[in-house]
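Here are the chains, one letter per residue:
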Amino acid sequence: MATALDKIAVVRVNETGGRAATILEHDSIRVMVDDIGGMIPELSSVRDAGRLNAHWLPWFRSNTAKPFNDAEHGSFWKANLLYNIAGNFPCIPNFGPGHIVEGIDMPPHGWTANLAWRFVNSGIDEESGAAWALSVMESPGKAMPLSFKKTDVIIPAHPVHYTSLTVKNQGDAAIDICAGWHNTLGAPFLQPGCRISGAANTWTTPPSGGEFDTTTRLALGAQFDSLDKAPLAGGGKVDISQVPGPTGYTDFAAGAIPASASLGWSAVVNPVLKMAYVCFFTGPAAAGEDDIILRFNDLWMQYGGRPFTPWAPYEGGTDLTYCLGTENSAAAYAYGLEYARRVKQVLGAPVTVSIPARSERTLRYGTLFSPCDAGLDGGVLSVEAEAAALVCSGAGGSCRFKADPSFDMLKGISGRHG
């Protein structure tokens, strides 16, 4: 049970742009989850007399309180997703650009990132003392009869935002989908010198023919074993594990999480602020029958390579957008569901998840944001799960964070309130 010191709470608010949102908060973290797209503009930690937010807040995010209208807003924002985008959000059943699949006009990064989730209820769980909020969504495409149930949770003393997202197939045939969490970091947490790490041991850049063809400094279609030896398009190598300042490039790299891994993870450490941002999720070796397993660490390095709207204020203008996506997915790069269904594998790992007929599967995910010791200044080398902790080790030492990496508590909470 929570104590008075935990100050745990869950409340409904209207945030900027009149967006309805849920705030979950205790002494360690505050999380703001929008109904529209499940966007998470804020995942913050107490710092001195204020709070440090890890998540990206785009300068171009609409605050008009008007819903996206293509005739009015399309020429600048290009898509509803970019009109509302912020921080972290779930991407199902598509991971990548909008396209036609099974006759459906599938939006960029899928329905879960674009449509409004219907808030159902929230409260404090009597057994664990956790704050929770339940939301649901129905597929608008009859050819893909999916329904979605999402439970956002914070647990006392855990500096973690947990999410349980269940996908139910209400049809009579299995449906292959993509799935991902689009964690996106921005200032003031994201700074030059931050260190990026992941569970993957083999990396690749996407093949030519996609959105990065004209923005990349990395060689396309290239495979490499370490983030510090990424091949450049013009020859030579670059260390992409260290965040630079704005470079005038926008790049993407995907790394396959080993099939032997029981825990998937990615991490960014700010050695100046001594803060760690760690995503963790069930690994392939620990997969249960009902699990959606994410197979890839994906890095979207948006360091100023898009001289067009909405990234720039006008076509041909300066890209004013500096952020880093530490995404995790079951997808083929960020090339979309139809492409993933066609190629089936990348780096030997499956790029779709099958939801059997009249069945459901669940993605369980944790995002940790917490102060850390100097031992992680050079980045995270490994993440290990303990019964009630996540242990992150670096070249100079390790940090132990209170957490539920088995997701047993999350399963109990979502089961009682879903």
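Rules and cut-offs
Counting starts from 1 at the beginning of each chain's written sequence and moves along it residue by residue. Only residues with pLDDT of at least 70 get local features here, since the model is predicted, and only at 80 or more are side-chain atom pairs given and counted; chain-wide, interface and lining totals rely on the full set of residues. Calculated side-chain values reflect all of the structure's heavy atoms, with hydrogen atoms and water omitted. Here, any two strands with at least 2 DSSP bridges between them count as paired. Segments assigned H or I by DSSP are reported as helices when at least four residues long, segments assigned E as strands when at least two residues long, and all are numbered from the N terminus. For helices, the fitted axis covers only the stretch in contact; all axes are lines through C-alpha atoms, and the angles between them, taken along N-to-C directions, range from 0 to 180 degrees. When the centres of two rings from Phe, Tyr and Trp lie within 6.5 Å, Trp using its six-membered ring, the rings pair. Their planes under 30 degrees apart give stacked, over 60 give edge-to-face, and anything left gives tilted. Partly exposed residues are those whose accessible area sits between 20% and 50% of the maximum for their type, while under 20% is buried and over 50% is exposed, using a 1.4 Å probe and protein chains only. Contacts are residue-level and defined by heavy atoms, with any inter-residue pair within 4.5 Å sufficient. The arc in question is the one spanned by the directions pointing from the helix axis to the C-beta atoms. You can read pLDDT as the predictor saying how much it trusts each residue, on a scale of 0 to 100. Salt bridge, as used here, is a side-chain nitrogen of Lys or Arg placed within 4 Å of a carboxyl oxygen of Asp or Glu.

Digging into the sheet that holds strand 32 (residues 397-402)
Read from one edge of the open sheet, three strands run 30-31-32, paired in antiparallel fashion. In this open sheet, the two strands that pair with only one neighbour each are strand 30 (382-386) and strand 32. For this sheet the average axis-to-axis angle between neighbouring strands, irrespective of direction, equals 20°. Sheet topology note: the strand 31 (residues 389-394)/strand 32 ladder contains six bridges and is antiparallel. Paired with Val-391 across the two strands is Arg-400, which belongs to strand 32.

Examining the packing of aromatic side chains
Under the counting rule described, the total for this entry stands at 23 aromatic pairs. With centroids separated by 5.6 Å and ring planes inclined at 15°, the aromatic side chains of Phe-280 and Phe-407 adopt a geometry described as stacked. Here Phe-280 is found in strand 23 (residues 275-282), whereas its partner Phe-407 is found in the loop between strand 32 and helix 4 (408-417), with 127 residues between them in sequence. Both residues of the pair, Phe-280 and Phe-407, count as buried. With a centroid separation of 5.8 Å and 40° between ring planes, the pair formed by Tyr-303 and Tyr-322 is classed as tilted. Placement of Tyr-303 in strand 24 (residues 296-303) and of Tyr-322 in strand 25 (residues 322-330) is noted, with a sequence separation of 19 residues between them.

Some words on the environment of Cys-399
Turning to its location among the elements, Cys-399 is positioned in strand 32. On the basis of relative accessible area, Cys-399 is assigned to the buried category, the value being 6%. Taking C-alpha positions, Cys-399 is 7.7 Å from Leu-376, a pair spaced 23 residues apart along the chain. When sequence neighbours within four positions are dropped, the list of residues in contact with Cys-399 reads Cys-372, Asp-373, Leu-376, Leu-390, Val-391 and Cys-392.

Comments concerning helix 4
Every buried residue belonging to helix 4 is among Leu-410, Ile-413 and Ser-414, and all of these are buried. Looking straight down helix 4, one finds its buried side chains confined to an arc of 95°; they lie on one side. Within helix 4, the exposed residues directed more than 90 degrees away from the buried face are Asp-408 and Gly-415. If you follow the buried residues of helix 4, they end up packed against strand 10 (131-138), strand 11 (146-154), strand 12 (160-169) and strand 29 (360-371).

Quick look at the confidence of the model for the protein
Looking at the protein as a whole, its pLDDT mean stands at 97, while 99% of the residues score no less than 70. Every residue in residues 1-5 scores below 50 in pLDDT, and together they form eight contacts with partners more than four places removed in sequence or on other chains.

Side note on the side chain of Asp-125
Tracing the backbone through its elements, the reader meets Asp-125 in the loop between strand 9 (118-124) and strand 10. When its relative accessible area of 2% is taken as the criterion, Asp-125 is described as buried. Non-local contacts of Asp-125, meaning those with residues more than four positions away in its chain, are made with Ala-130, Trp-132, Ile-413, Arg-416 and His-417.

Regarding the pattern of salt bridges
The final tally for this structure, using the stated rule, is 22 salt bridges. Among the salt bridges present, the one from Arg-61 reaches Glu-15, with a minimum N-O distance of 3.2 Å. Here Glu-15 lies in the loop between strand 1 (9-14) and strand 2 (20-25) and Arg-61 lies in the loop between strand 5 (50-53) and helix 1 (70-77), a separation of 46 residues in the sequence. By relative accessible area, Arg-61 is classed as buried at 7%. Judged by its relative accessible area of 12%, Glu-15 falls in the buried class. With a closest N to O distance of 3.5 Å, Arg-342 and Glu-338 form a salt bridge. Of the two residues, Arg-342 and Glu-338 both sit in helix 3 (residues 337-343), four residues apart, roughly one turn of that helix.

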